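Coordinate inspection notes
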Amino acid sequence: MNNDVLVLAEVAGDSFIDPTFELLGRARELATAWGGRVLVLVLGPSPDPTALDADAVLTMAHPKLDAYTSEAHARAAYHVVAEIDPKLVLLANTTEGMDIGGALSLWCQRPLVAYAVDVRAEGDAIVATGQLFGGKLLAEVLLEGDRGICAVVGGSFPPARVPDRTPAIQAVPPPTSLDGVATIPLGTPPGEDEDIDITKASMLVAIGRGLKSPDNVAVARALADALGAPLSGTSQVCDLGWLPRTRHVGKSGVKVRPRAYLSFGISGAPEHLEGIRESELIIACNTDAAAPIFDAAQYGTTADAVELLKALTDRLRPD
Ligand SMILES: Cc1cc2nc3c(=O)[nH]c(=O)nc-3n(C[C@H](O)[C@H](O)[C@H](O)COP(=O)(O)OP(=O)(O)OC[C@H]3O[C@@H](n4cnc5c(N)ncnc54)[C@H](O)[C@@H]3O)c2cc1C
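Remember, it's a predicted structure, so these values are computed and weren't measured experimentally. (Residues numbered from 1 in each chain as written. Predicted model: local features only at pLDDT ≥ 70, side-chain atom pairs only at ≥ 80, totals over all residues. Heavy atoms only, no water.)

1. Quick word on the sheet that holds strand β8 (residues 125-132)
Note the threshold: By definition, two strands form a pair when at least two bridges between them are found by DSSP. Secondary structure elements follow DSSP: runs of H or I of four or more residues count as helices, runs of E of two or more count as strands, with numbering from the N terminus. Only the stretch in contact is used when a helix axis is fitted, and all axes are lines through C-alpha atoms; the angle between N-to-C directions ranges over 0 to 180 degrees. Whether two residues are in contact is decided by their heavy atoms, any of which lying within 4.5 Å being enough.
The strand order across the open sheet formed by nine strands is β9-β8-β7-β10-β6-β1-β4-β5-β11, and the pairing between neighbours is mixed. For this open sheet the edge positions go to β9 (137-142) and β11 (168-171), each flanked by a neighbour on one side alone. Sheet twist, expressed as the mean angle between neighbouring strand axes with direction ignored, is 30 degrees. Contacts from helix α3 (residues 95-108) reach β1 (5-8), β6 (88-92), β7 (112-122) and β10 (148-152), with the element oriented near 155 degrees to β6.

What follows is the structure in structure tokens.
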């Protein structure tokens, strides 16, 4: 029994994802309030752990952790959480975080608040605010018992400050259960592992199913190239294979904060809007004047998306 806060770090490519640093910032506040430590768990190959503002970084290496699989990573995380029994486990509400959070909740018999946008200490209690119905409702939850897990939506907290301490690095032996992991990752779809990070883009050209055909993605790409902006899209266009998964914006994708978000043929479902709320400027093109994207956009047009994409690209072409 202790008052530690354990952050499960997530790695993409050769660095930690932004939400890991955001969780660390809040973990420090919570651990201070409860008189515990901030611990970080890194499963598999780790970027520089000294970049993490924590009291200790626990690393675990095993061939089955080299590439992400639910089976191996959930087993490894469970092994550590069961052993250390921290008061609170914080994970990012990403595909991986949601995957592991559910398994930890079941196996450790701890309550899990997913889609959390706030986690705070009220005395000894853990209180979280979670999103319901795609963000239409916010539920404030007092976690039963004094042990819990929160999967936090990216962008909910400011990132941790640059560490002024060097965390103790501790290698944790992997559990023998990892040897029996049967899942064999076949690899990342071509091109996705080297793709750019759209969360860092200052402008995005975003496309939805209103483009109607994969052939029109090239029309959108021409404008994106002319503007020097990457292409991004809705879950639907990524499901259709028009764009790689790395370009998927929204609740189950990534949250973006560009200075300008130019959206073409996107309806503006709540799950998509959740990913673009922090954009400075949203300009929407949708033939349906009642489309919800217009409630989020500062400027809009009901022009045909493909026609507008072509016209804008022509205007940007040097004579
Ligand atoms: C649990 C859950 C998680 C989800 N997560 C995400 C997520 O992370 N990201 C996400 O994007 N979605 C997510 N979704 C799906 C979401 O609910 C919507 O289905 C999706 O965002 C719609 O994609 P779309 O706008 O491309 O397509 P549609 O909703 O089909 O919209 C297409 C739009 O194009 C317009 N249009 C048609 N023709 C033209 C034209 N010629 N010119 C201009 N406009 C035109 C139409 O009026 C329409 O508004 C999630 C759903 C669930 C249930």
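2. Overview of the packing of helix α4 (residues 217-227) against helix α8 (residues 305-316)
The condition is simple: Left-handed is the label given to a crossing in which the near helix is rotated counterclockwise from the far helix by less than a right angle, and right-handed is the label when the rotation is clockwise. Under the grouping applied here, Gly and all other residues not named as nonpolar or charged are polar, the nonpolar ones being Ala, Val, Leu, Ile, Met, Phe, Trp, Tyr, Cys and Pro and the charged ones Asp, Glu, Lys and Arg.
Remark: α4 packs on α8, axes separated minimally by 9 Å, with the N-to-C direction vectors making an angle of 30 degrees. Crossing of α4 against α8: the hand is left-handed. Contacts between α4 and α8 involve V219, A220, A222, L223, A226 and L227 from the first element and V306, L309, K310, L312, T313 and L316 from the second. For the contact of α4 with α8, the per-class residue count stands at ten nonpolar, one polar and one charged.

3. Things to note about the sheet that holds strand β14 (residues 260-264)
The five strands are arranged β13-β12-β14-β15-β16 in an open sheet whose pairing can be described as parallel. A strand with exactly one partner marks an edge of an open sheet, and here the two such strands are β13 (231-233) and β16 (299-301). Ignoring which end each strand starts from, the neighbouring axes of this sheet average 20 degrees apart. Pairing analysis gives five bridges linking strand β12 (residues 203-207) to β14, with the strands arranged parallel. From the neighbouring strand, A206 faces β14, where its bridge partner is S263. Packed onto the sheet, α4 meets β12, β13 and β14 and runs at close to 175 degrees relative to β12. Each of β14, β15 (281-285) and β16 is contacted by α8, which is oriented at about 130 degrees to β14, the strand it contacts most.

4. A word on the site of the ligand
Short version of the rule: Definition of nearness: a residue and a molecule or strand are near each other if at least one heavy atom of the residue lies within 4 Å of the molecule or strand. Here a polar contact is taken to be a pair of N or O atoms separated by no more than 3.5 Å, where protein atoms must pair a possible hydrogen donor with a possible acceptor and residues adjacent in sequence count only if both atoms sit in side chains. All accessible areas in this document rest on Shrake-Rupley with a 1.4 Å probe, and a residue is counted as covered only by the protein chains that are shown.
Every one of the 24 residues lining the ligand counts as a neighbour, but T234, S252, S267, N286 and D304 are closest to it. Between the ligand and K212 there is a distance of 3.0 Å, counted from a nitrogen atom to a side-chain nitrogen or oxygen. Considering the ligand on its own, with 980 Å² of exposed area, one finds that the protein chains cover 75% of that surface. Of all elements in the fold, only α5 (235-239) and α6 (270-273) reach the threshold of two or more residues within the shell around the ligand. When grouped by side-chain class, the residues that make up the shell around the ligand number four nonpolar, 14 polar and six charged.

5. Notes on the packing of aromatic side chains
Keep this limit in mind: Centres within 6.5 Å are what make two rings of Phe, Tyr or Trp a pair, Trp counting through its six-membered ring; a difference in plane orientation under 30 degrees is then read as stacked, over 60 as edge-to-face, and the rest as tilted. Geometrically, a charge over a ring is one whose NZ (Lys) or CZ (Arg) sits within 6 Å of the ring centre while staying within 35 degrees of the ring normal.
By the definition in use, this model includes two aromatic pairs. Considering the side-chain rings of Y78 and W107, the 5.6 Å spacing of their centres and the 70 degrees angle between planes classify their relative orientation as edge-to-face. Pair noted here: Y78 is in helix α2 (residues 70-84) and W107 is in helix α3, with a separation of 29 residues, a long-range link. Its guanidinium or amino end placed over the ring of W34, K87 lies 4.9 Å from that ring's centre, counting from NZ or CZ. Sitting over the ring of Y115, K251 keeps its end group 4.0 Å from the ring centre.

6. Regarding the packing of α2 against α3
We count it as follows: Reported orientations rely on four angle classes, namely roughly parallel under 35 degrees, roughly antiparallel over 145, roughly perpendicular from 65 to 115, and oblique for the rest.
For the pair α2 and α3, interaxial distance at closest approach is 9 Å and the crossing angle is 45 degrees. Here α3 runs oblique to α2, going by the angle between their axes. As α2 packs across α3, the resulting crossing turns out to be right-handed. Here S70, H73, A74, R75, A77, Y78 and V81 of α2 lie close against α3, whose contacting residues are D99, I100, A103, L104, W107 and C108. Per-class residue counts for the contact of α2 with α3 are nine nonpolar, two polar and two charged.

7. Looking at the pairing of β10
Condition: Whether a residue is buried, partly exposed or exposed follows from its accessible area with a 1.4 Å probe, protein chains only, as a fraction of its type maximum: under 20%, in between, or over 50%, in that order.
For β10, the tally of buried residues reaches five of five residues, placing the bulk of the element in the interior. A two-sided burial pattern is seen for β10, the buried positions comprising G148, C150 and V152 on one face and I149 and A151 on the other. Sheet analysis places β6 next to β10, joined by five bridges and oriented parallel. Paired with V89 across the bridge in β10 is I149. Both β7 and β10 contribute to a ladder of three bridges, which runs parallel. Bridge pairing in β10 links A116 to V152.

8. Quick look at the pattern of salt bridges
Definition in use: For salt bridges, the criterion is a side-chain nitrogen of Lys or Arg within 4 Å of an Asp or Glu carboxyl oxygen.
Applying the stated criterion across every chain yields a total of 19 salt bridges. For R110, the salt bridge goes to D85, with nearest N and O atoms at 3.1 Å. Pair noted here: R110 is in the loop between α3 and β7 and D85 is in the loop between α2 and β6, with a separation of 25 residues, a long-range link.

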